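# Summary of the model geometry
For reference, the chains in residue letters:
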Amino acid sequence: MDRIKIFDTTLRDGEQSPGCSMNLHEKIEVARCLERLKVDVIEAGFARSSPGDFESVNTIAKTVKDCTVASLARANIGDIDAAWDAVKCAVDPRIHLFIATSPLHMEYKLKMTPEQVLEKTAAMVAYAAGKCSNIEFSCEDATRSDWAFMAKVVEAAIKNGATVINLPDTVGYTTPDEMRALVEYMVKNVPGSDKVEYSVHCHNDLGMAVANSLAGVMGGARQIECTINGLGERAGNTSLEEVVMAMRTRPSFFPELPRLDTTQIYRSSKTVYSIIGQAAPLNKPIVGRNAFLHESGIHQHGVLNNRQTYEILTPESVGIQVSNIVLGKHSGKHAFEDRLVQLGYQLEADELAKCFEEFKDLCDKKKDVTDADIEAIVTHNTVRQEEIVDGYTLDWFSVHTSSLTTATCTVSMKKDGEKFESVALGDGPIDAAFKAIDQIVKPHNHAFENFTIHSISEGKDTLGDVIVKLSMDGQYFTGKGLSTDILEASIVAYINAINKLCATAAQEQGKEVQ
Ligand code: KIV
Ligand code: ZN
């Protein structure tokens, strides 16, 4: 039997969910992670939805060598043409075509009769197959569709050249038994099923996306659609790390394991969380901070005697290195590089130089530098911030605060060789610092969405990881800062977010002038 394929849609279904939008650099960074993970298919976006999406799908199609690259398309000629134009340069391009098949969607969204949906499917799959030999066809809202009608639609798609048939649980409505039965029904009743691969795409509205995907596999599906960290519309999609590790942990149920390199899971998860400006919930399976912690005495005792008493998978299998090794100010570049390799990072020379410099700075402030610190440094330096060449950088800041007086902060920033200084009062030092920055950078019509600080490791001298999220006209801008001084990390994070926002505002203004 063929092994299970992993179709990752972090860059399409994940990215289209609120607060998760990414810029081109960030999308390329995620695509690099996905290639390292060895997913089979990367759904790089929805090429027709905007010129920016077309560009990112196209750039990823040119960049990725070891995975199929797909673009989503609705069942119309414009979408199919855009999808094909964006992915045709890929080593293995795919067009992912979809149309809704449930009574609700056909009547209220498409305003089409079932017969029209059937005809459109045949015509549009044939049109797409005339361009590309790898066509995935999805029946949107499959789990609320009439199975007999959907079987006819799928038959038409197969007859006209579809090679993969996807059955999405678009609204996270199904249950494992039903999902399994649905796939079994299609495989058994649709002529030509033996020539295609079936796929499942589950949403997590009732918390069953992973279970439903696994049940789909038991029913005969050979492709699972999922996202890193389970990002996606509403409650998200099937989480890649959970569904893959479930199969690895129970190979007697899932002997046809995916080709995925699971040791890249933790790093990929961190990269994606860092890009979207979120931290993993502590109890998130596989990648949350508590996923491998044992707090109660009984559990600790068991684990000390034999890890398997309370651990069904090892942290190492997902790329979490558990070690007591700490580096410090006497560690040289080789020791640093060795540790990076053990942690699963192979950096380009320029990235390594930047990370090592930051590591040395940290050693001056913190006695023991842990793996978590090193990973934070690497994530901050390798998740490329949008290259804003002419952005602001922090020169210095000075703050005065007490419980008796209003906080005051002076911030000095540089841009294009020029220096800018401003002082502001605020409700606490962070508010004062951000106000001082706002006075330098002329105010935009933006909203402050979110501000988080979390500590990278234990101890009072831990690195503070700050994420600031701003929004303007429906777009989100995330800035990150990392320092043992949380005020400095906050200021840097705010400046990074402001730089991204200003660059976008300048681009939009440029378009208006043209
Ligand atoms: O959830 C869904 O139905 C989708 C399709 C477009 C595949 O994302
Ligand atoms: Zn979806």
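Residues numbered from 1 in each chain as written. Chains lettered and ligands numbered in written order. Predicted model: local features only at pLDDT ≥ 70, side-chain atom pairs only at ≥ 80, totals over all residues. Heavy atoms only, no water.

### Quick word on the coordination of the zinc ion (ligand 2)
Taken together, D13 (OD), H201 (NE2) and H203 (NE2) make up the full set of protein donors to the zinc ion (ligand 2), lying 2.0 to 2.1 Å away. For the zinc ion (ligand 2), all donor residues lie on one chain, and their spacing in sequence is D-x187-H-x1-H. Of the two residues, D13 is situated in helix α1 (residues 10–14) and H203 in the loop between β7 (197–202) and α9 (209–218); the sequence distance between them amounts to 190 residues. Exposure class is identical for D13 and H203. Each is buried. (Donors = N, O, S within 2.8 Å, 3.2 Å for Na, K, Ca; no water. Helix = DSSP H or I, 4+ residues; strand = E, 2+ residues; numbered from the N terminus. Buried < 20%, exposed > 50% of the residue type's maximum accessible area, 1.4 Å probe, protein only.)

### Quick word on the layout of surface pockets
Taken as a whole, the largest pocket encloses approximately 1,400 Å³ of empty space. Every residue lining the largest pocket is counted, 45 residues in all, and those nearest its centre are Y266, R289, I320, A372 and I456. Considering every element that reaches the lining of the largest pocket, the biggest residue donor is helix α15 (residues 371–382), with 6 residues. Class assignment of the residues belonging to the lining of the largest pocket gives a composition of 21 nonpolar, 16 polar and 8 charged. (1 Å grid on protein atoms, 1.4 Å probe; cavity = no way out; pocket = protein on both sides within 12 Å on 5 of 7 lines; lining within 4 Å. Points joined across faces, edges and corners; volume = space filled by probe spheres on them. Nonpolar A, V, L, I, M, F, W, Y, C, P; charged D, E, K, R; others polar.)

### Observations regarding the domain arrangement of the chain
Partitioning the chain into domains gives domain 1 (5–276), domain 2 (321–382) and domain 3 (393–513). Distance from the C-alpha centre of domain 2 to the C-alpha centre of domain 3: 26 Å. Domain 2 puts 11 residues into the contact, and the matching count from domain 3 is 11 residues. Each partner contributes to the roughly 810 Å² buried at the junction of domain 2 and domain 3, and carbon and sulfur atoms together form 63% of this total. Viewed at the interface, domain 3 and domain 2 are joined by 0 salt bridges. The interface formed by domain 2 and domain 3 holds 0 residue pairs in polar contact (both at pLDDT 80 or more) in total. If you list the elements that add at least two residues to the side of domain 2 that touches domain 3, you get α14 (349–365) and α15. Sorting elements by how many residues they give to the side of domain 2 that touches domain 3 places α15 first, with 5 residues. Residue classes in the side of domain 2 that touches domain 3 are distributed as 4 nonpolar, 2 polar and 5 charged. (Domains from an automatic or database assignment. Contact = heavy atoms within 4.5 Å. Buried area = accessible area lost by both parts, 1.4 Å probe. Salt bridge = Lys/Arg side-chain N within 4 Å of Asp/Glu carboxyl O. Polar contact = N/O pair within 3.5 Å; in protein donor to acceptor, adjacent residues only side chain to side chain.)

### Quick word on the site of ligand 1
Neighbouring ligand 1 are the residues R12, D13, H96, F98, S138, E140, P168, T170, H201 and H203. Side-chain polar atom of R12 to an oxygen atom of ligand 1: 2.9 Å apart, as the coordinates give it. A distance of 2.6 Å separates an oxygen atom of ligand 1 from a polar atom in the side chain of T170. Counting residues per element, the ones that place at least two in the shell around ligand 1 are α1, β4 (93–100) and β5 (135–140). (Near = heavy atom within 4 Å.)

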